[in-house]
Amino acid sequence: MSGKFRVRPGCVVQAYKFALDPNAGQERALHSHCGAARAAYNWAVSWVTASWWQRKTEATYGIGEEELTPWRPWSLPSLRKEFNRVKSTEARFADWWQENSKEAYNTGLANAAAAFDNYAKAKQGKRKGCRVGVPRRKPKRKARLACRFTTGTIRVEADGRHVTLPRLGTIRTHEPTVKLLDRIQAGTARILSATVRHERGRWFVSLQVETAREITRVARPDAVVGIDLGVKHLAVLADSSGEIRYEPNPKHLDGTLKLLRFHSRRVSRRQGPDRRTGQKPSKRWEKANRERNKLHHRVANLRTDALHKLTTRVRAEYGTVVVEDLNVAGMLRNKRLARHVADAGFGEIRRQLTYKGQWNACPTIVANRWYPSSKTCSNCGATKAKLPLHVRVFDCDECPLVMDRDANAARNLAALTAARTTGTGVAGDQDTPRVSKPRGADRKTRRQRPDRNTGRGGRAGGASLPHQRQKETGDRRQDTEAPLALW
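Residues numbered from 1 in each chain as written. Predicted model: local features only at pLDDT ≥ 70, side-chain atom pairs only at ≥ 80, totals over all residues. Heavy atoms only, no water.

1. Here's the deal with the overall build of the chain
In terms of helices and strands, the chain carries ten helices and 15 strands. Put simply, the chain has 487 residues, and 40% of those count as buried. By element, 50% of the accessible surface of the chain is carried by carbon and sulfur atoms, the whole surface being about 28,700 Å². (Helix = DSSP H or I, 4+ residues; strand = E, 2+ residues; numbered from the N terminus. Buried < 20%, exposed > 50% of the residue type's maximum accessible area, 1.4 Å probe, protein only. Areas by Shrake-Rupley, 256 points an atom, 1.4 Å probe, with all protein chains shown as cover.)

2. Points about the pattern of salt bridges
Using the criterion set out here, one finds 22 salt bridges in the structure. Taking the shortest distance from any N to any O, the salt bridge between Arg-202 and Asp-21 comes out at 2.9 Å. Placement of the pair is Arg-202 in strand β7 (residues 202-212) and Asp-21 in the loop between β1 (11-19) and α1 (24-60), with a sequence separation of 181 residues. Where salt bridges share partners, they join Arg-220, Asp-239, Arg-245 and Glu-317 into one cluster. (Salt bridge = Lys/Arg side-chain N within 4 Å of Asp/Glu carboxyl O.)

3. Notes on unusual backbone geometry
Positioned with a positive phi, Arg-200 is a non-glycine residue whose angle comes to about 55 degrees. Counting through the fold element by element, Arg-200 comes out in the loop between β6 (189-199) and β7. Under the relative-accessibility criterion, Arg-200 is labelled partly exposed at 36%. In this structure, Lys-251 takes a positive phi of about 50 degrees despite not being glycine. Looking at where Lys-251 falls in the secondary structure, it is placed in the loop between β10 (244-248) and α5 (257-269). We classify Lys-251 as partly exposed; its relative accessible area is 34%.

4. Observations regarding the environment of Lys-17
Relative to the helices and strands, Lys-17 is located in strand β1. Residue classification places Lys-17 among the partly exposed residues on the basis of a relative accessible area of 47%. Along the sequence, Lys-17 and Thr-195 sit 178 residues apart, while their C-alpha atoms lie 9.2 Å from each other. Non-local contacts of Lys-17, meaning those with residues more than four positions away in its chain, are made with Glu-175, Glu-199, Phe-204, Val-205 and Ser-206. A distance of 2.3 Å separates a polar atom in the side chain of Lys-17 from a polar atom in the side chain of Glu-199. (Contact = heavy atoms within 4.5 Å. Polar contact = N/O pair within 3.5 Å; in protein donor to acceptor, adjacent residues only side chain to side chain.)

5. Regarding the pairing of strand β11 (residues 318-324)
Of all seven residues in β11, seven are buried, a share of seventy percent or more. Inspection of the sheet shows strand β8 (residues 220-229) paired to β11 by four bridges, in the parallel sense. Within β11, the position partnered with Val-225 by the bridge is Val-321. Inspection of the sheet shows β11 paired to strand β12 (residues 364-367) by four bridges, in the parallel sense. (Pairing = 2+ DSSP bridges.)

6. Here we look at the sheet that holds β1
The strand order β1-β7-β6-β2 describes an open sheet built from four strands, whose pairing is antiparallel. Of all strands in the sheet, those with a lone pairing partner are β1 and β2 (146-149), marking the two edges. For this sheet the average axis-to-axis angle between neighbouring strands, irrespective of direction, equals 20 degrees. Note: β2 against β6, four bridges, orientation antiparallel. Along β6, the bridge assignment pairs Arg-148 with Thr-195. Its contacts with the sheet put α1 on β2, β6 and β7, and the angle it makes with β2 is roughly 90 degrees. (Axes fitted to C-alpha atoms, helices over the stretch in contact; angles between N-to-C directions.)

7. Considerations on the sheet that holds strand β4 (residues 162-165)
Strands sit in the order β3-β4-β5 across an open sheet of three strands; the sheet is antiparallel. This sheet does not close on itself; its edge strands, each paired only once, are β3 (155-156) and β5 (169-172).

8. Quick look at a nonpolar patch on the surface
Taken together, the side chains of Phe-5, Val-7 and Val-13 define a hydrophobic patch exposed on the protein surface, amounting to about 230 Å² of accessible area. If you trace the backbone, Val-7 turns up in the segment before β1. A residue is classified by how much of its surface remains accessible, and Val-7, at 39% relative accessible area, is partly exposed. (Patch = residues over 30% accessible without salt bridge, like charges linked within 9 Å, V, L, I, M, F, W, Y side chains within 5 Å.)

9. A look at a positive patch on the surface
Among the surface-exposed residues, Lys-140, Arg-141, Lys-142, Arg-275 and Lys-280 lie close enough to one another that they form a single positively charged patch. Topologically, Arg-275 is positioned in the loop between α5 and α6 (283-317). The exposure class of Arg-275 is exposed, given its relative accessible area of 62%. (Lys, Arg positive; Asp, Glu negative; His and termini not counted. Charge placed at Lys NZ, Arg CZ, Asp CG, Glu CD.)

10. Things to note about the confidence of the model for the chain
On average, residues of the chain score 85 in pLDDT, and 85% of them are at 70 or above. Throughout residues 450-463 the model reports pLDDT below 50, and contacts reaching past four residues in sequence, or to other chains, amount to 28 contacts. This stretch, residues 467-483, has a pLDDT under 50; its non-local contacts, to residues over four places away or in other chains, come to 36 contacts. (pLDDT = per-residue confidence, 0-100.)

11. As for the packing of aromatic side chains
All told, the structure shown has eleven aromatic pairs when counted by the stated rule. Relative to Phe-116, the ring of Trp-74 lies with its centre 5.6 Å away and its plane at 20 degrees, an arrangement referred to as stacked. Of this pair, Trp-74 sits in the loop between α1 and α2 (76-86) while Phe-116 sits in helix α3 (residues 102-124), placing them 42 residues apart in sequence. Both residues of the pair, Trp-74 and Phe-116, count as buried. Taken together, the aromatic side chains of Trp-43, Trp-47, Phe-83, Phe-93, Trp-96 and Tyr-105 make up a single cluster linked through ring pairs. (Phe/Tyr/Trp six-rings, centres within 6.5 Å; stacked < 30°, edge-to-face > 60°.)

12. Digging into the packing of α2 against α3
Following both chains from N to C, one finds α2 and α3 inclined at 135 degrees, their axes separated by 9 Å at the closest point. Between α2 and α3, the angle is such that the two are oblique. Remark: the crossing between α2 and α3 carries right-handed chirality. Seen from α2, the contacting residues are Leu-76, Leu-79, Arg-80 and Phe-83; seen from α3, they are Tyr-105, Asn-106, Leu-109, Ala-110, Ala-112 and Ala-113. Tallied by class, residues from the contact of α2 with α3 come to eight nonpolar, one polar and one charged. (Parallel < 35°, antiparallel > 145°, perpendicular 65-115°, else oblique. Left-handed = near helix turned anticlockwise from the far one by under 90°. Nonpolar A, V, L, I, M, F, W, Y, C, P; charged D, E, K, R; others polar.)

Below, the structure is given as structure tokens:
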């Protein structure tokens, strides 16, 4: 039997997030636990990389491979065993490690083990996404304050306004926990872990819960909707029945920019912190900075609320949703669109549509990134060679179709499911013979950059991975064969 956690049939793992109202003592304890997690992480990174540098130095003396200092393992059991051995004697921890829960140190060690695993997999070509660099120490002033509890007393109190965490005690919540409490008392949910985090100026606790969730039937299970995301309209929805709907873009940040400029000028006139000279911020600067941060927090909360309402509404109505695989990172490099793209939250929309569809057992189809949904006519299937972004109306050269380009793209996305199942050759069918693109520059490939320190791939100080991890594949090409991906 494997010790890996498995979700029970009919259940899902869901997070319940609540804002906390800790008193002064509890807030100090929260800071201490999060600082302990950061200290354990930094210790693990230093302990593992010390053997790398030692081996690199010994190699310059002509010492053979068999006589070099052994590699230090970075698995979580190894890090935990070594940390428990040195925590009572090492000066960094000897005086204060008993003040915090063991879960605080386990959080840092687990994060360090995951960081080294990601680095090794990325170097071997076994990890998706961009390559991950060597784990580095977390600075005190920039590290996010977070700590995870997996054992001990973790519960929601019966009054619906308090949560109890190991070593931290009972902390009042800013909002009622009745929704989660009812599930726990009914026996349909159990708490797996709790994560405390400081963000947006206050403390939050996120309770990871295994809860029973019945599959709810959507309003139109046989309907397919294609969603084209944009800046002018947040989303254009075209379903299989021919109906087209436009979801307006709230543009929460644009509505607050004027007030943000005012508060930013106030902050700039105060005496702020300066790390180079050690200058401490004034009380007036801290007050002005808090007022400015409240505006940013309000914008983030409004955006989160609007996206959740949109995705929940879509998932409650349609059985199949088709979205694009947008290159959001590339869009953010456009200085004229970066702020608007970031404010829209394209990646968050796709993420929410995916997991909410899994709750209802409804598929989410992701179109290929290179599928020309905007350039393809949704009526006859002809593809334009070029369609600049400023041209907002699609005028087909082969048929009399003239319509909004976003609506045309949404209709093409909705037609992808029919092409995928019937093989008719419409809208990027997999069975259709490939035709050369009229514009080859539309498809770009990622070029692998050499290591900044050594000119080639390698770890800290130019050292290489252990023998069992030295195998490295070439640059991973993007998958351009399949126009669809099912999530």
